[in-house]
Amino acid sequence: MLTFQQLQSIVQGREVQFVQPLPVVHLLTDSRKLSQPAGTVFFAVRGKYNDGHQYLPQLYAQGVRAFVVEQGEPGELATRYPEANILLVESSLEALQQLAAWHRSQFSIPVIGVTGSNGKTIVKEWLSQLLSPDELVVKSPRSYNSQLGVPLSVWQLQPNHTLAIFEAGISQPGEMERLQQVIQPTLGVFTNVGSAHDEGFASREQKIAEKLKLFQGVELLFYCADYELLHQAVQAQGIKSFTWSRHQPEANLFINATTTAGQKTIVVYTYQGEKQRLAIPFTDEASVENALHCLALLLYRRLPLSEVQDRLDRLHPVAMRLEMKEAINGCYLIDDTYNNDLAGLAIALDLQASQPQRGRRTLILSDVLESGLPEEQLYEKVAGLAQAHKVQRLIGIGPTISKYAHLFPQGSFYTSTADFLQAFDASSFRGELILVKGARVFGFEKIVQAFQQKVHGTVLEVNLDALVHNLNYYRSRVAPATKLMVMVKAFAYGSGSFEVANLLQFHRVDYLAVAYVDEGVALRENGITLPIMVMNPSQDSFAKLRQYNLEPEIYSVEQLQDFVSSLEPEATYKIHLKLDTGMHRLGFVPEDFEALFELLHRYPQVQVASTFSHLAGADEAVHNDFSQLQVSRFRSMAAAVEERLKYKVIKHILNSAGIVRFPEHQLDMVRLGIGLYGVEATGSEQEALRPVSTLKTTVSQVKSIKQGETVGYSRKGIASSDRTTATIAIGYADGYDRRFSNGVGQVLINGHRCPLIGNVCMDMCMVDVTGVAVKAGDVAIVFGPQLTLVELAQSIGTIPYELLTNVSTRVKRVFYAE
Ligand SMILES: *Cc1c(COP(=O)(O)O)cnc(C)c1O
């Protein structure tokens, strides 16, 4: 096993301190994902938003004793971390890559490298499915294809593996050379050439040339010769290739025709002079292309045709994301029933661990396949992971995991999924966050079904990755020292308070703010420990406010009087002073100051934690002068406050729009609201954000309406000609605005925009689907990435805030990570 000392020569680091021999087992770059401190080496990598060096003290306290760092003074590092082995390197990221490259070079098995604009993850997953009957495959977990993800993927290589498949993605020149050195592929797949990341390159040609660097030295590159630029570049470079094409009979694999038959695509092809037919179990273009890459590889490996067909038949769509779903008895499920390897298990357990307020952690786990480790060692590792992630209850399903029951004190075991379902007792699960993680062959989707409540047709899907993306975007717009308060009022703008607050806590924002005390109490009861400001605490809620350690906004002398009249003398209390600089909603004006300071002077146990004001028109440029006036009023009022108090307080005025428009007025803190949820209120940087929420419902019935008939209440929807309508399961009681009635609103069904016909009803509405293939049960998207909140809000003369917060609480929220 590799030792920390050997690491020094591999990464050419400068040793700062070496106190004890330590094995290098786990590589860590994200401090939050620490699971087993012993054997972990932390690489302090500096990213765009985050600097790993910041987390050294915390990791050291948690028992990590091996660090690779790129900054710090050796003497100081040694005194701060006396028991740690420390290497100082030029670049921690490069050191990680060098280590992975060294690890890779210890193996001489075939390694398939996959790159291209789209389809990398699917081709990788499918190849692994198709080849695993003959091979023990190691592959990148999910889409770990970045400068950081690739080395971590390659690190999984173990002596028993017989084949490796790693994907590589780049966004700018220079990156692929490094990934090539880490992966050192012997075979390559170039999936396709599209527009993704064009902005990082001078031209398409340059992008292709960069990506081809992955395949330097491969024995064979598989690609579709119909991508002309790609084909020319491969030929020019003389890379040995295996091509397929729909137009060029001289390709190694010539596709004569593809035709759709029901849910399948029939492929007629010519290979080595023989014409053959095969069926692919997909009909969409992207899947067919991905499957043809796989077919090329299977043919190259000389698999008998019947076997090729057999394996293709069993291909499944790849679940690209982990979904969190509501389940029976207040439980939540993380549905990961697609595959079960060690790396994937660690990722899913991380997601589970990031939601501590969901209650007890339960893991339902099948046999773990394809680890490349001896069984005993494998299940010791699994047990270690479960323990490190504080899994309280484990249900093992499968003959192998059952053999190692003794390793899992918290476990119960079944030899098959059928056995488990037979014994299934719904009442024994309550308030748990259940991770369901099973290899495809175990058919765990049946377990998920058993746990799921019947879904009311309408759901609001919340993309947690998009939320984090938006958070990071705003972080990149403010100075590192500026604090961040995030507004989670109104059920986190309709997105679900605990889930969002929890994610924010995980990502270490500084403050949360809610409108009412009850909202704050709910957050505390769900495990949120961040400071919380309450913007509108009523007098009768002060006791609760103090009990739950919430901090009130104070906006008038009378209110402060009420607050101080019930204080306990020895405790201290934090408050936030709201100043009115022109919004004229709540807040002190200079004339109140005498009375305010007199009270604060009399009650020294009351501390002003912050003082703030709110811009009335930050989203619109026409109000820029007024916004500037508000800021200058605020600056002088806040200065007066500090002068009288004789201590420093946090000052803040910018909301989401203000952060974008007035970077020079960040002061000590900013307050992020709508931007987090994917709407850029000034409109100028909308592209930088990702949409977070998708509101979906289903089609209940499809009807043919004769010319002259009417649809819905008050007979407002008149059929001007023979029409087809679909009734969808959302109405104004779900928060779907009645102003969308009669053609104003549209929904997306099977990719088509379908206008409303007639008035919106309480629980339903009707849309015109004439000429569109629609059937009962189809999904209708009410808003989402393709039908934006901004557009919809404009169409009825309101703002995205209202549409988001109106989504009724009876609409189920489903959270997912990609
Ligand atoms: C809601 C709110 C914000 C956030 O506003 P956005 O426009 O959503 O960014 C900031 N400050 C106060 C006082 C608020 O009430």
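Residues numbered from 1 in each chain as written. Predicted model: local features only at pLDDT ≥ 70, side-chain atom pairs only at ≥ 80, totals over all residues. Heavy atoms only, no water.

**A closer look at the overall build of the protein chain**
- Helix and strand counts for the protein chain come out as 27 helices and 38 strands.
- Computed over the C-alpha atoms, the radius of gyration of the protein chain is 30 Å, within 12% of the 28 Å expected from 2.2 N^0.38 for a compact globule of 818 residues.
- The C-alpha extent of the protein chain, read off along each of the three principal axes, is 95 × 85 × 60 Å.
- Looking at the 818 residues of the protein chain, the share that counts as buried comes to 56%.
- Split by element, the accessible area of the protein chain, about 34,100 Å² in all, is 50% carbon and sulfur.
- For the protein chain, the centre of its 74 positive side-chain charges and the centre of its 84 negative side-chain charges are spaced 2 Å apart. (Helix = DSSP H or I, 4+ residues; strand = E, 2+ residues; numbered from the N terminus. Rg over C-alpha atoms; globule rule 2.2 N^0.38 Å. Buried < 20%, exposed > 50% of the residue type's maximum accessible area, 1.4 Å probe, protein only. Areas by Shrake-Rupley, 256 points an atom, 1.4 Å probe, with all protein chains shown as cover. Lys, Arg positive; Asp, Glu negative; His and termini not counted. Charge placed at Lys NZ, Arg CZ, Asp CG, Glu CD.)

**Some thoughts on the side chain of S497**
- With respect to the helices and strands, S497 occurs in helix 19 (residues 497–506).
- Ignoring anything within four residues of it in the chain, the contact list for S497 reads F491, A492 and L523. (Contact = heavy atoms within 4.5 Å.)

**Observations concerning the domain arrangement of the protein chain**
- Partitioning the protein chain into structural domains gives domain 1 (4–94), domain 2 (107–313), domain 3 (323–454), domain 4 (464–687) and domain 5 (693–817).
- Taking the mean C-alpha position of each, domain 2 and domain 4 sit 51 Å from one another. (Domains from an automatic or database assignment.)

**Some words on the UniProt feature "modified residue: N6-(pyridoxal phosphate)lysine" (unreviewed entry) in the protein chain**
- Following the UniProt record, one finds the feature "modified residue: N6-(pyridoxal phosphate)lysine" (unreviewed entry) at K489.
- The residue K489 is located in helix 18 (residues 489–493) in this model.
- Beyond its immediate chain neighbours, meaning those up to four positions away, K489 contacts A513, V514, A515, E519 and M535. (UniProt positions renumbered as here; feature names shortened; annotations may be inferred.)

**Focus: the site of the ligand**
- Within the structure, the ligand sits among M487, K489, Y493, M535, R585, H614, N655, S656, R671, G673, I674 and Y801.
- At a separation of 2.6 Å, an oxygen atom of the ligand approaches a polar side-chain atom of Y493.
- A distance of 2.6 Å separates an oxygen atom of the ligand from a polar side-chain atom of Y801.
- Coverage of the ligand by the protein chains reaches 94% of its 390 Å² of free accessible surface. (Near = heavy atom within 4 Å. Polar contact = N/O pair within 3.5 Å; in protein donor to acceptor, adjacent residues only side chain to side chain.)

**Some thoughts on the layout of surface pockets**
- A volume near 670 Å³ is recorded for the second largest pocket.
- Lining the second largest pocket are 30 residues; nearest its centre among them are K489, Y493, M535, R585 and H614.
- Taken together, the elements giving at least two residues each to the lining of the second largest pocket come down to helix 18, helix 25 (656–661) and helix 27 (800–806).
- Top contributing element to the lining of the second largest pocket by residue count: helix 18, with 3 residues. (1 Å grid on protein atoms, 1.4 Å probe; cavity = no way out; pocket = protein on both sides within 12 Å on 5 of 7 lines; lining within 4 Å. Points joined across faces, edges and corners; volume = space filled by probe spheres on them.)

**Considerations on the sheet that holds strand 8 (residues 163–167)**
- Here we have 9 strands laid out as an open sheet, ordered 7-8-6-9-10-11-12-13-14, and mixed in their pairing. Of all strands in the sheet, those bounded by a partner on one side alone are strand 7 (137–139) and strand 14 (274–280). The sheet shows a mean angle of 20 degrees between the axes of neighbouring strands, taken without regard to direction.
- The sheet contact formed by strand 12 (residues 253–261) and strand 13 (residues 264–271) spans 8 bridges and is antiparallel. Paired with T260 across the bridge in strand 13 is T265.
- Across the sheet, helix 11 (residues 305–313) lies against strand 13 and strand 14, angled at about 20 degrees from strand 14, the strand it touches most. (Pairing = 2+ DSSP bridges. Axes fitted to C-alpha atoms, helices over the stretch in contact; angles between N-to-C directions.)

**Some words on the nonpolar core**
- Counting 142 residues, the largest nonpolar core has V488, L512 and L600 as the members making the most contacts within it.
- In contact with V488, not counting residues within four places along its chain, are V500, L504, L512, A513, V514, L523 and Y677.
- Counting residues in each nonpolar core, the second largest holds 40 residues, with L131, I165, L292 and Y338 among its members. (Core = buried A, V, L, I, M, F, W, Y, C linked by side-chain atoms within 4.5 Å.)

**So, empty space enclosed by the protein**
- Applying the stated rule across the entire model yields 2 cavities of 30 Å³ or more.
- Here the largest cavity is characterised by a volume of approximately 70 Å³.
- Residues that form the lining of the largest cavity fall into these classes: 8 nonpolar, 1 polar and 2 charged.
- Within this model, the second largest cavity holds a volume of roughly 30 Å³.
- Residue lining of the second largest cavity: K578, L579, D580, T581, M583, R585, L586, S613 and H614, and that is the complete set.
- Among the residues forming the lining of the second largest cavity, the class breakdown is 3 nonpolar, 3 polar and 3 charged. (Nonpolar A, V, L, I, M, F, W, Y, C, P; charged D, E, K, R; others polar.)

**A look at the environment of H231**
- Relative to the assigned elements, H231 resides in helix 9 (residues 228–237).
- Linking H231 and I532, residues 301 residues apart in sequence, is a C-alpha distance of 58 Å.
- Apart from residues no more than four positions distant in its own chain, H231 is found in contact with Y223, A225, T243 and Q248.
- Within the structure, the side chain of H231 is placed 2.8 Å from the side chain of Y223, a separation counted as a polar contact.

**Re the packing of helix 4 (residues 92–104) against helix 7 (residues 175–183)**
- For the pair helix 4 and helix 7, interaxial distance at closest approach is 7 Å and the crossing angle is 35 degrees. Within the contact between the two elements, helix 4 uses L93, E94, Q97, A100, A101 and R104 and helix 7 uses R178, Q181, V182 and I183.
- Split into classes, the residues belonging to the contact of helix 4 with helix 7 amount to 5 nonpolar, 2 polar and 3 charged.

**Digging into the environment of Q449**
- Position of Q449 among the secondary structure elements: in helix 16 (residues 445–451).
- Sequence-wise, Q449 and A327 are 122 residues apart; in three dimensions their C-alpha atoms are separated by 9.2 Å.

**Here we look at the UniProt feature "domain: Alanine racemase C-terminal" (unreviewed entry) in the protein chain**
- UniProt marks residues 692–816 with the feature "domain: Alanine racemase C-terminal" (unreviewed entry), using the numbering shown here.
- The distance separating the terminal C-alpha atoms of residues 692–816 is 10 Å; by composition the span is 11% helix and 36% strand.

**Here's the deal with the pairing of strand 5 (residues 85–88)**
- Of the two faces of strand 5, the one holding N85 and L87 and the one holding I86 and L88 are both buried throughout.
- By the bridge criterion, 3 bridges tie strand 1 (residues 14–17) to strand 5 in an arrangement that is antiparallel. In the sheet register, Q17 faces strand 5, and the bridge partner there is I86.

**Structural notes on the pattern of salt bridges**
- Here the structure, examined in full by the defined rule, presents 37 salt bridges.
- One salt bridge in this structure joins K264 and D313, with 3.9 Å as the shortest N-O distance. Note that K264 is positioned in strand 13 and D313 in helix 11, a separation of 49 residues in sequence.
- On the basis of relative accessible area, K264 is assigned to the partly exposed category, the value being 35%.
- As a salt-bridge pair, K648 and E642 come within 3.6 Å of each other at their nearest N and O atoms.
- You can call K648 exposed: its relative accessible area is 71%.
- Ionic contacts of the salt-bridge type, sharing partners, join the residues K124, E125, K139 and E167 into one network. (Salt bridge = Lys/Arg side-chain N within 4 Å of Asp/Glu carboxyl O.)

**A closer look at the packing of helix 5 (residues 120–131) against helix 10 (residues 285–300)**
- Two numbers describe how helix 5 lies on helix 10: the axes approach to 10 Å, and their chain directions differ by 45 degrees. As judged from the angle between their axes, helix 5 and helix 10 are oblique. By crossing handedness, the relation of helix 5 to helix 10 is classed as right-handed. Mapping the contact onto sequence places I122, V123, W126, L127, L130 and L131 in helix 5 and S287, N290, A291, H293, C294, L297 and L298 in helix 10. (Parallel < 35°, antiparallel > 145°, perpendicular 65-115°, else oblique. Left-handed = near helix turned anticlockwise from the far one by under 90°.)

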